[in-house]
Structure formats: C-alpha cells, structure tokens
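So the chains spell out like this:
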Amino acid sequence: MILHQAAFEGGKPWLKGNLHTHTTRSDGASTPETVIRQYAQMGFDFLALTDHRLYNYRNYAPDTGMMILPGTELDADLPGPGCHVIHLLSLGPEEEKGNGFRQDQRFETVKNLKEAAEAAPMRDMIAGAGNLPVFCHPEWSGNTAQEVMALADIPVMEIWNTGCVLENGLDDHAAYWDEVLASGRKVYGAATDDGHRLCQNGLGYVMVRAERNPSSVLQALRSGAFYSSCGPLIHDFYLEDDKAVVLCSPAEVIRFRHFRVPYTDQRGPGITGHQTVPVRNTNYIRAEVIDAQGKTAWTNPIFLDEEYWAAVRRP
Ligand SMILES: [Zn+2]
Ligand SMILES: [Zn+2]
C-alpha cells in the first residue's frame, strides 16, 4: 500500500506562488507593477496582491505573464494590551467563477471582539464570497493555538511569514500548526512572504500542483496539493505500509513531525531522503527539510485515520 500526500499524485504542473503581498495600495513600499515584475523575475508563476482591506484582481504588469490570484487581507481587533488581532487572507477565484468581491472593494477592520470565535462572521463573509480564508501569522498576532482553533473551517494557515521573521524574529508559526493538527483539525500549512518592501519578497512560497488559473490553484490549496518552502525542493512524501518516506533536494537535516515525537532527525550533509515508522495512532505525520543554508521546506501532513491504522497490522 502506497499513499502519497496530495501534492505528489496526479499529473498537474508545479506552480510557484506567493499568497500574501503588500504594495502601495496599502502599507507596502513599492507599486503593484514593481512587485509583480520582481516576482516574475524570480520565477514565480502566480501572486496574490493582498493589500489590507482592499480587494484586487488586477494584473498591473500583464506582459510578465504572471497569474494574479484575486485577494485581500482582512483583520479584526481582539482585547489588548499589545498586538492582539486576527488577520485572514481572502483568496478567490476569477470574477466569472463566482467570486463575490469586486475590484477595489474596501473593507473595515472588525473592532472590539471579545474573543477569537467572534471573528466567525468575517470568515463566513470570505467563504460566502467563494473565497478561501487563510489564518495569518498567529505568533505576530498574539494568538494562542486555541484562538486559531476557535475559528473552524479555515483550511489553510501560515506556518512561515517572511515579514514576521525578518522584522520581528517571529519564526515559530509552525509550532502552532502542530498543536492544531494534534487536536484532530485538518489544516494545511503555507509559507508566505507578507512582504512590505522588495527585500522581503521571494523568500517563502508555496509549490502548488495546479493548472494555470486561480480556480485550479484554490482547489489545490483546499485539498493540500502543495508544499511550502524557503528553498529546498521536496520530490515525494508518502506512506508505504507502515513507513513514512520523504525524498528531497540535498539537505542537512530531514525530520518528521507527528505530535510528541521529537526524535526523528536524519542529518547530512547532502542527504536526499529519510524514513520513519509513525508512532501508533498518531493522527498525522509531516516532514521538514533544512538545507545547508538553513532554509526550510515543509510538506503538508498525511492524515492517518482509523482505516489506516486498521490496515497496518503491527504490534
Ligand atoms: Zn497581517
Ligand atoms: Zn499582510
């Protein structure tokens, strides 16, 4: 029995994209055209210009061939002190395929929430417009993992946010992911840039298995047919009977994550694969690859349900 993670099955092309970007349409330093040209030069296939509370479909540099994924970033205020907020990306399909938001549609910050669960109407407005909600940078937002979990039905959360790392040293978003996954929630993890200046762009991205149109990319994000990276390539991630196997570009460290199992590291240099036997009855397993420059790539999880554990007979 071989069970591939969704990114590593089917024949769709790989597309490299960034889901979270700011420009002079909100608090970014560079124009949309400059940002699109920069990402195109770096070999990206698609880009979402998610300026704060301002929806965008427009391609400001169509000659680059960049595919623009429609979107914006919405936010709500939770009680202080300090920074305590919820930020959600809203990523949508083409307008003619049921996207309920308009070009340049403006939104307001949702004020005075007492707890994270009260952000449900913001999530529902996003989903109601045919958009995919993405939970942003929980560490920067002062969220607990419980606050992430308070908003059910959000299929994707950020596990790496370049802006948070470079500006604030906040690189622990993936730790929230493990807590959410261990609770039984099926959430996929995305690396994004959230760049506000050109020097923050192109460093954290998703590799998506999709056709070159927004609807296909969104379907891949919803179904986990992608992985995240700051550099390394992941070639395959699968279960073969009772073993989990990951294959990748040459790495210094490869490790698996399933809740409360810290001892799975394989160390290089130049290793290109690793395998482990998941702890019995864990509900998920995922892999991380770290290259010689210290850059990480993250697979999405394979979820290990009761059917899997019933099929794998071992003591
Ligand atoms: Zn944000
Ligand atoms: Zn942002």
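Our subject is the structure that appears above.
Residues numbered from 1 in each chain as written. Chains lettered and ligands numbered in written order. Predicted model: local features only at pLDDT ≥ 70, side-chain atom pairs only at ≥ 80, totals over all residues. Heavy atoms only, no water.

Overview of the coordination of the zinc ion (ligand 2)
Applicable threshold: The rule for donors is simple: N, O or S, within 2.8 Å of the metal, or within 3.2 Å if the metal is Na, K or Ca. Water isn't counted, so a site may look like it is missing partners. In short, tetrahedral needs four donors with all angles between 85 and 135 degrees, square planar needs four and octahedral six donors with opposite donors over 155 degrees apart and all other angles between 65 and 115, and whatever is left is irregular. By the criteria applied, helices consist of DSSP H or I runs no shorter than four residues and strands consist of E runs no shorter than two, each listed in order from the N terminus. Burial classes: relative accessible area under 20% of the type maximum marks a residue as buried, over 50% as exposed, and values in between as partly exposed (1.4 Å probe, protein chains only).
At this site the zinc ion (ligand 2) is bound by His20 (NE2), His22 (NE2), Glu73 (OE) and Asp194 (OD), with donor distances of 2.0 to 2.2 Å. Note that the zinc ion (ligand 2) binds four donor atoms; their angles at the metal cover 80 to 169 degrees, and the shape is irregular. Motif for the zinc ion (ligand 2), donor spacing along one chain: H-x1-H-x50-E-x120-D. Taken as a pair, the zinc ion (ligand 2) and the zinc ion (ligand 1) show a spacing of 3.5 Å, with glutamate 73 coordinating each metal. Of this pair, histidine 20 sits in the loop between strand E2 (14-18) and helix H1 (32-41) while aspartate 194 sits in the loop between strand E9 (188-192) and strand E10 (205-209), and the two are 174 residues apart along the sequence. Since its relative accessible area comes to 7%, aspartate 194 is described here as buried.

Topic: the coordination of the zinc ion (ligand 1)
Note on metal geometry: ideal angles are 109.5 degrees for four donors arranged tetrahedrally and 90 or 180 degrees for six donors arranged octahedrally. Only Glu73 (OE), His87 (ND1) and His137 (NE2) from the protein reach the zinc ion (ligand 1) as donors, at distances of 2.0 to 2.2 Å. Written as a sequence motif, the donor residues of the zinc ion (ligand 1) are E-x13-H-x49-H.

A short note on the packing of aromatic side chains
Note the threshold: Two rings from Phe, Tyr or Trp (for Trp, the six-membered ring) form a pair when their centres sit within 6.5 Å of each other. Planes less than 30 degrees apart are called stacked, planes more than 60 degrees apart edge-to-face, and all others tilted. Only lysine NZ and arginine CZ atoms are considered, and such an atom sits over a ring when it is within 6 Å of the ring centre and within 35 degrees of the ring normal.
Counted by the stated rule, this structure contains 13 aromatic pairs. Centroid distance phenylalanine 101 to phenylalanine 107: 5.0 Å. Interplanar angle 85 degrees. Geometry classified as edge-to-face. Pairing tryptophan 160 with tryptophan 298 gives two aromatic rings, centres 5.9 Å apart and planes at 40 degrees, and the pair type is tilted. Taken together, the positions of tryptophan 160 in strand E8 (residues 156-161) and tryptophan 298 in strand E16 (residues 296-298) put the pair 138 residues apart, joining distant regions of the chain. Under the relative-accessibility criterion, tryptophan 298 is labelled buried at 5%. Put simply, the rings of Tyr55, Tyr57, Phe101 and Phe107 pair up and form one aromatic cluster. Positioned above the aromatic ring of tyrosine 205 is the side chain of lysine 16, whose terminal nitrogen or guanidinium carbon lies 4.3 Å from the ring centre. Arginine 209 extends its terminal NZ or CZ atom over the ring of tryptophan 14, reaching a point 4.8 Å from the ring centre.

Some thoughts on the pattern of salt bridges
Threshold: Take a side-chain nitrogen of Lys or Arg and a carboxyl oxygen of Asp or Glu: if they are within 4 Å of each other, that pair is a salt bridge.
Applying the stated criterion across every chain, the model contains 13 salt bridges. A salt bridge links aspartate 104 to arginine 25, with the shortest nitrogen-to-oxygen separation between them at 2.9 Å. Here aspartate 104 is found in the loop between strand E6 (85-91) and helix H2 (120-128), whereas its partner arginine 25 is found in the loop between E2 and H1, with 79 residues between them in sequence. Since its relative accessible area comes to 34%, aspartate 104 is described here as partly exposed. Ionic pairing is found between arginine 37 and glutamate 33, a salt bridge with its closest N-O pair at 3.0 Å.

Some details on H1
Operational definition: Read the arc as the range of directions from the helix axis to the C-beta atoms. Contacts are residue-level and defined by heavy atoms, with any inter-residue pair within 4.5 Å sufficient.
Buried residues of H1: Pro32, Val35, Ile36, Gln38 and Tyr39, and no others. Buried residues of H1, viewed axially, fall in a sector of 160 degrees; they line one side. For H1, the secondary structure elements touched by its buried residues are E2, strand E3 (46-47) and strand E4 (67-68). Just downstream of H1 lies glycine 43, where phi reads positive at about 90 degrees.

Comments concerning the sheet that holds E8
Stated formally: We call two strands paired when DSSP finds no fewer than two bridges between them. Simply put, an axis is a line fit to the C-alpha atoms, just over the touching stretch for a helix, and the angle between two N-to-C directions goes from 0 to 180 degrees.
If you walk across this open sheet you meet the five strands as E5-E6-E7-E8-E9, and the pairing is mixed. With one partner strand each, in any of the chains shown, strand E5 (71-77) and E9 form the two edges of the open sheet. Mean inter-strand twist for the sheet, computed between neighbouring axes without regard to direction, equals 35 degrees. With two bridges joining them, strand E7 (residues 132-135) and E8 adopt parallel strand pairing. Pairing of phenylalanine 135 across the sheet is with methionine 157, part of E8. Across the sheet, helix H5 (residues 173-182) touches E8 and E9, and the angle it forms with E8 is around 150 degrees.

Comments concerning the nonpolar core
Our working definition: Residue types Ala, Val, Leu, Ile, Met, Phe, Trp, Tyr and Cys, when buried and joined through side-chain atoms within 4.5 Å, form a set referred to as a nonpolar core.
Formed by 60 residues in total, the largest nonpolar core has its most connected members in Leu19, Phe46, Ile86, Leu91, Val208, Val217 and Leu221. Examining the composition of this core, we find that five residues originate from one element, H5, more than from any other. Contact partners of leucine 221, with chain neighbours within four places excluded, come to Leu19, Leu91, Leu132, Val156, Tyr188, Val208 and Phe226. Of all hydrophobic cores here, the second largest spans 33 residues; its members include Ile36, Tyr227, Phe256 and Ile285.

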